[in-house]
Amino acid sequence: MSAVVVSLSVRDLTQEDLQWCSWSGSALHLTQVARELKRSRSGVVDYLAVCPPSDRPVAIGGVDYEVSPGAGTLWQLAVLPALQSCGIGTVLIHAAEQRIIARGLQRAELSVEESNPRARALYERLGYVAHGRKPAAWDAEGPDGVIRRYETVCTLMGKTLSRSASTQCRKLFRW
């Protein structure tokens, strides 16, 4: 078996990137991401892209600093389906954690749908601990183009961050 090694960079997601992100969700989802990019200009959100040398995003995700006082809340994390389980989600999460630390915060939070045990296993492997549950709902566009209210239950998870762990991770992944 051969291994392919590709260098990745992590940078801010831009409006121009959205044309390459249809894999991350529907047109409605990308409209929401575009709104969040506007919020990023005011500094209340960081929205990141993980890119190979082509500079086209293969993973995206946000950190919202207004959801929970004293913490950065990770959300809308997505990896190109063909590249899932290759460590790219881990790179994205660690980069988001670095952004949180750079703001002087020491806590990262997220919520994961209870119907998504694969994502929850990743978060637990990265040190996130469950501390509650809550119902969640949002508008979602179906394959037929009809927008419906999607309702689910999410597990709330959190992690205390430290600068030393962040530095070690950066050396390990070299982004």
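Rules and cut-offs
- Every chain's residues receive numbers from 1 upward, in the order its sequence appears when written.
- Local features in this predicted model are restricted to residues whose pLDDT is 70 or higher, and side-chain atom pairs enter the listing and the counts only when it is 80 or higher, whereas totals over whole chains, interfaces and linings include all residues.
- Note that water and hydrogens are dropped before the side-chain values are worked out from all heavy atoms of the structure.
- In this description a helix means any DSSP run of H or I spanning at least four residues, a strand means any run of E spanning at least two, and both kinds are numbered starting from the N terminus.
- Helix span, expected: 1.5 Å multiplied by one less than the number of residues in the helix.
- The classification of residues rests on relative accessible area computed with a 1.4 Å probe and restricted to protein chains. Under 20% of the type maximum is buried, over 50% is exposed, and intermediate values are partly exposed.
- By this definition, two strands are paired if DSSP reports at least two bridges between them.
- Where helices are involved, their axes are fitted lines through C-alpha atoms of the stretch in contact, as for all axes, and angles between N-to-C directions lie from 0 to 180°.
- Throughout, a residue-residue contact means that at least one pair of heavy atoms, one from each residue, lies within 4.5 Å.
- Residues grouped as a nonpolar core are buried Ala, Val, Leu, Ile, Met, Phe, Trp, Tyr and Cys residues, joined through side-chain atoms within 4.5 Å.

Draft legend 1. A look at helix α2 (residues 88-102). The end-to-end C-alpha distance of α2, which contains 15 residues, comes to 21 Å, matching closely the 21 Å that a straight helix rising 1.5 Å per residue would cover. The buried fraction of α2 is high, at 12 of 15 residues. Looking only at α2, the buried set comprises I88, G89, T90, V91, L92, I93, H94, A95, A96, E97, I100 and I101. Following α2 by one or two positions, G104 has its phi on the positive side, about 85°.

Draft legend 2. Expanded view of the sheet that holds strand β4 (residues 72-79). Across the sheet, which stays open at both edges, the seven strands sit in the order β1-β2-β3-β4-β5-β7-β6 with mixed pairing between neighbours. Unpaired on one side and paired on the other, β1 (9-12) and β6 (129-141) mark the two borders of the sheet. On average, each strand axis in the sheet is tilted by 30° relative to the strand beside it, whichever way the strands run. The sheet contacts of helix α1 (residues 27-40) involve β2 (45-51), β3 (59-64), β4, β6 and β7 (147-160), and relative to β2 the element is tilted by about 120°. In the packing of α2 onto the sheet, the strands contacted are β1, β2, β3, β4, β5 (107-113) and β7, and the crossing angle to β4 comes to about 155°.

Draft legend 3. Inspection of the nonpolar core at higher detail. Ranked by size, the top nonpolar core spans 26 residues in total, and within it V50, L74, I93, I100, Y123 and Y128 carry the most contacts. Among the elements of the structure, β2, β3, β4, α2, β5 and α3 (117-125) are those that each provide at least two residues to this core. With eight residues, α2 is the largest single contributor of residues to this core. With residues near it in sequence (within four places) discarded, I100 still touches V63, Y65, G72, L74, L105, R107, A108 and L161. The next biggest cluster of nonpolar side chains, apart from the first, holds 15 residues, and it includes L13, L30, V33 and L37.

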